[in-house]
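Summary of structural features
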2 protein chains.
Amino acid sequence: MYNKEEITQWFMSLQDDICDELETADGSAKFLEDPWEREEGGGGRTRILTQGNVIEKGGVAFSAVYGKTPEKIQRALQLSPSDFYATGVSIVIHPQSPMVPIIHMNVRYFEMDNGIKWFGGGIDLTPHYINLSDAQYFHQALKEVCDRHRPEYYDRFKNWADDYFYIKHRDESRGIGGIFFDRLSPTEETSLDTIFHFVQDVGRAFAPIYTHLMQKNSNLAYGEQEKNWQLVRRGRYVEFNLVLDKGTKFGLDTQGRIESILMSLPPQANWQYNYIPPIDSPEYQTLQYLKKGINWVKA
Amino acid sequence: MYNKEEITQWFMSLQDDICDELETADGSAKFLEDPWEREEGGGGRTRILTQGNVIEKGGVAFSAVYGKTPEKIQRALQLSPSDFYATGVSIVIHPQSPMVPIIHMNVRYFEMDNGIKWFGGGIDLTPHYINLSDAQYFHQALKEVCDRHRPEYYDRFKNWADDYFYIKHRDESRGIGGIFFDRLSPTEETSLDTIFHFVQDVGRAFAPIYTHLMQKNSNLAYGEQEKNWQLVRRGRYVEFNLVLDKGTKFGLDTQGRIESILMSLPPQANWQYNYIPPIDSPEYQTLQYLKKGINWVKA
């Protein structure tokens with residue numbers, strides 16, 4: 001059975017590989033590494049790429065932290081005091097062009113000395129303009145990853161993403177979703193190793209999927225209207241991350257490393273009072289697709 | 001004793017007066033009114049001014065809503081089910097120039113049919129660059145308002161603002177604070193009318209204070225560095241409002257009118273990874289003042 005050191009090593013190499021692939025696809029800027037340590041135990045290496053050809057601001061963060069389980073988690077999980085170990089890779093990419101989607105990925109592992117072992121993660125896409133063939137490509141790719149492991153995974157994790165990446169106060173989805181899963185622990189049918197193999201497959205799927213979408217869309221023409229809309233949609237991204245995202249909330253509540261937690265925020269976001277796109281405009285059409293329960297694979 | 005209709009009327013006239021005074025001081029743009037109704041009872045008139053000479057985006061909102069007390073409030077206040085009535089005026093002004101501060105004001109009244117009657121409110125200032133003489137002017141003006149009513153008000157409400165307008169996850173104040181008070185209800189020493197007179201005085205103080213700061217600072221020169229810093233500070237404003245502000249949180253939780261709740265967000269905000277201003281720069285000096293407990297009147 002894999003141990004936490006092996007899982008950690010694998011996440012570090014995933015961060016390396018993804019950074020390489022994103023740099024190659026971007027063709028211009030390089031990631032800068034910002035290593036950090038946590039007083040109570042562990043640390044991380046946050047990598048940021050800014051002002052690339054395709055990527056305006058992208059973060060690929062690895063961390064492995066450990067120590068006493070924070071009281072907030074103990075209470076949330078109704079646990080007695082214990083030590084924890086948490087490691088993972090988190091990614092958010094904000095592209096220059098409004099025609100290229102924002103993407104987010106996370107893969108994580110959590111264990112406690114009381115025997116709890118969990119994996120969590122997912123990939124979701126936030127296009128500024130929803131393109132049905134890209135949406136189909138994205139969900140099909142995730143479905144293939146899931147189908148290689150367990151037949152129920154795609155539907156289950158796709159619905160989970162629909163529910164999770166939902167901006168309640170706007171009554172709209174953040175984007176077209178993807179897959180999301182949390183607290184996957186060993187069962188009679190799936191060992192910890194089996195779950196880890198699935199998580200590895202999710203992690204490896206990220207770069208080919210996103211570099212394809214970068215290449216396909218980064219040369220599309222756009223003007224002021226599209227740029228403006230991108231900034232409005234980024235405002236919604238900020239609203240989701242600061243108001244609703246559980247990872248962000250947990251990080252802020254437990255006084256995690258603030259810059260690494262908030263690296264997900266866009267380089268720029270705008271709020272226009274009550275902006276409503278003209279009926280039947282491409283922006284309006286995109287809003288019609290920001291809903292739960294769409295079968296993108298067949299869209 | 002004033003009743004809720006009289007209090008509501010006064011808040012409406014305050015909104016009218018403040019909009020007039022801000023338009024005159026701006027000298028260019030006019031407020032546009034967006035009236036709205038609430039299905040469960042009441043409504044409001046949100047007024048927004050954009051792209052003025054001095055004001056880039058400013059909102060002056062009046063609302064008066066009533067109905068069954070939302071469950072969230074009942075639980076928070078440990079109350080039994082009852083009807084409520086809430087009315088008030090909220091203001092946030094984001095200026096064009098980084099040399100002019102952001103300002104926020106709120107005055108509000110809340111009552112329930114179980115007899116509870118409360119006033120709340122305050123004014124606080126968020127300069128992009130802290131100028132000690134402006135800070136002194138601002139706090140002195142608020143102190144004079146407070147001192148006309150009760151000797152302990154200024155210290156008490158100034159400390160309350162220090163604690164409230166604090167960005168915990170950044171370990172910095174949002175700005176230079178001001179005064180903040182909540183749940184002021186009648187006591188043996190202060191009748192409801194007495195409290196209302198104080199709240200009226202706070203409301204009337206807003207326009208002279210802010211139009212003075214507009215006039216004094218809006219012609220100061222600035223360049224790209226100052227504009228960039230303004231956008232970073234606006235990012236912090238977004239973080240406070242979406243993560244910490246209780247009014248915003250309450251509005252989002254109870255599905256209030258989203259555009260009126262989020263009118264406080266700036267027209268544009270930026271997030272640069274781990275931006276740290278050079279030592280002894282004006283930006284760095286401003287950060288040194290973003291702390292609780294500074295005696296601005298004597299600064």
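Per chain, residue numbering runs from 1 following the sequence as it is written. Whichever chain is written first is A, and whichever ligand is written first is 1; the rest continue in order. At least 70 in pLDDT is required for a residue's local features to be given in this predicted model, at least 80 for side-chain atom pairs to be given and counted, and no such filter applies to totals for whole chains, interfaces and linings, which use all residues.

The subject of this paragraph is the pairing of strand β4 (residues 83-95) of chain A. Residues and elements named next belong to chain A. With C-beta atoms placed from the backbone, a residue is buried if 20 or more other C-beta atoms are within 10 Å of its own, exposed if 12 or fewer are, and partly exposed between those counts. The way it works is that DSSP assigns letters per residue, a run of H or I at least four long becomes a helix, a run of E at least two long becomes a strand, and they are numbered from the N terminus. When you tally the buried positions in β4, you get 11 out of 13 residues, the bulk of the element. Where strand β3 (residues 55-68) lies against β4, 13 bridges are found, and the strand directions are antiparallel. Note that in β4 the partner of Lys-68 across the bridge is Asp-83. Pairing between strands is defined by DSSP: at least two bridges between the two strands are required. Sheet topology places β4 next to strand β5 (residues 102-112); 10 bridges connect them, and they run antiparallel. Pairing of Ala-86 across the sheet is with Phe-110, part of β5. The loop that links β4 with its antiparallel partner β5 comprises 6 residues.

For the pair of chain copies, the relating transformation is a rotation about an axis with a translation along it. When the copies are superposed, the least-squares fit takes in the C-alpha atoms of residues with a pLDDT of at least 70 in both. Relative to chain B, chain A is turned by 180° and slid 0.0 Å along the rotation axis, the superposed coordinates differing by an RMSD of 0.0 Å. The symmetry that links the two subunits is that of a two-fold axis. Remark: residues whose backbone-derived C-beta atoms lie within 7 Å of one another are considered to be in contact. Mapped onto chain B, 100% of the interface residues of chain A are again interface residues, and the two copies thus contact each other with one and the same surface.

With that settled, consider the sheet that holds strand β6 (residues 117-126) of chain A. All names here are of chain A. Across the sheet, 7 strands lie side by side as β1-β2-β3-β4-β5-β6-β9; this open sheet has antiparallel pairing. At either end of the open sheet lies a strand with only one pairing partner, and these are β1 (32-37) and β9 (177-184). Adjacent strand axes in the sheet meet at a mean angle of 10°, parallel and antiparallel pairs treated alike. Sheet topology places β6 next to β9; 6 bridges connect them, and they run antiparallel. Bridge pairing in β9 places Gly-121 opposite Phe-181. Set on the sheet, helix α4 (residues 153-164) makes contact with β6 and β9; between it and β9 the angle comes to about 100°. With axes taken as lines fitted to C-alpha atoms, and helix axes fitted only over the stretch in contact, angles between N-to-C directions fall between 0 and 180 degrees. Across the face of the sheet, helix α5 (residues 192-217) comes into contact with β4, β5, β6 and β9 while running at roughly 20° to β6.

Right, let's get into the interface of chain A and chain B. The partner chain B presents 23 residues to the 22 residues of chain A that form the contact. Looking at the side of chain A that touches chain B, the elements with two or more residues in it are α6 (224-244), α8 (258-261) and β10 (268-270) of chain A. The element that contributes the greatest number of residues to the side of chain A that touches chain B is α6(A), accounting for 4 residues. Three categories are distinguished: nonpolar for Ala, Val, Leu, Ile, Met, Phe, Trp, Tyr, Cys and Pro, charged for Asp, Glu, Lys and Arg, and polar for the others, with Gly belonging to the last. When grouped by side-chain class, the residues that make up the side of chain A that touches chain B number 14 nonpolar, 4 polar and 4 charged. Judged from the 3 bridges that link them, β10(A) and strand β10 (residues 268-270) of chain B form a sheet pairing that is antiparallel. Looking across to β10(B), one finds that A:Gln268 is bridged to B:Asn270.

For every residue, the predictor reports its confidence as pLDDT, a number between 0 and 100. Averaged over chain A, the pLDDT score is 95; the fraction of residues at 70 or greater is 100%. Scored by ipTM, the complex comes to 0.95, with pTM at 0.96.

Okay, the packing of helix α3 (residues 132-147) of chain B against helix α5 (residues 192-217) of chain B next. In a pair of packed helices, the angle between the axes and the distance between the axes together describe the arrangement. Residues and elements named next belong to chain B. Viewed as axis vectors pointing N to C, α3 and α5 meet at an angle of 160°, and their least axial separation amounts to 10 Å. Taken together, the axis directions place α3 and α5 in an arrangement best described as roughly antiparallel. Relative to α5, α3 is oriented so that their crossing is right-handed. Counting all contacts with α3, which are made through Asp-134, Phe-138, Ala-141 and Val-145, the residues of α5 involved are Asp-201, Val-202, Ala-205, Ile-209 and Leu-213. Across the contact of α3 with α5, the residue classes break down as 7 nonpolar, no polar and 2 charged. Throughout this description, any angle smaller than 35 degrees is read as roughly parallel, any larger than 145 degrees as roughly antiparallel, any in the 65 to 115 degree range as roughly perpendicular, and the remainder as oblique. By convention the crossing between two helices is left-handed if the near helix lies anticlockwise of the far one by an angle smaller than a right angle, and right-handed if it lies clockwise.

All right, on to helix α1 (residues 4-26) of chain A then. Residue and element names in this part refer to chain A. Given the number of residues in a helix, its expected span is that number minus one, multiplied by 1.5 Å. The terminal C-alpha atoms of α1, which comprises 23 residues, lie 33 Å apart, in line with the 33 Å expected from a rise of 1.5 Å per residue. Turning to α1, its buried residues number three or more, namely Ile-7, Phe-11, Leu-14, Gln-15, Ile-18, Cys-19, Leu-22, Ala-25 and Asp-26. Those residues of α1 hidden inside the fold are in contact with β2 (42-50), β3, β4, β5 and α5.

What follows covers the pairing of β5(A). Judged by how many residues are buried, β5(A) sits mostly within the fold: 10 of 11 residues are covered. The antiparallel pairing of β5(A) with β6(A) creates a hairpin that spans 4 residues between the two strands, and A:Gly115 there sits at a positive phi of about 105°.

As a further point, take unusual backbone geometry. Residue and element names in this part refer to chain B. The residue Gln-51 is not glycine, and still its phi comes out positive at about 55°. Tracing the chain through its elements places Gln-51 in the loop between β2 (42-50) and β3 (55-68). Assessed through the 11 C-beta atoms surrounding it within 10 Å, Gln-51 is described here as exposed. For Asp-171, which is not glycine, the phi torsion reads 55° and is therefore positive. With respect to the helices and strands, Asp-171 occurs in the loop between β7 (166-167) and β8 (172-173).

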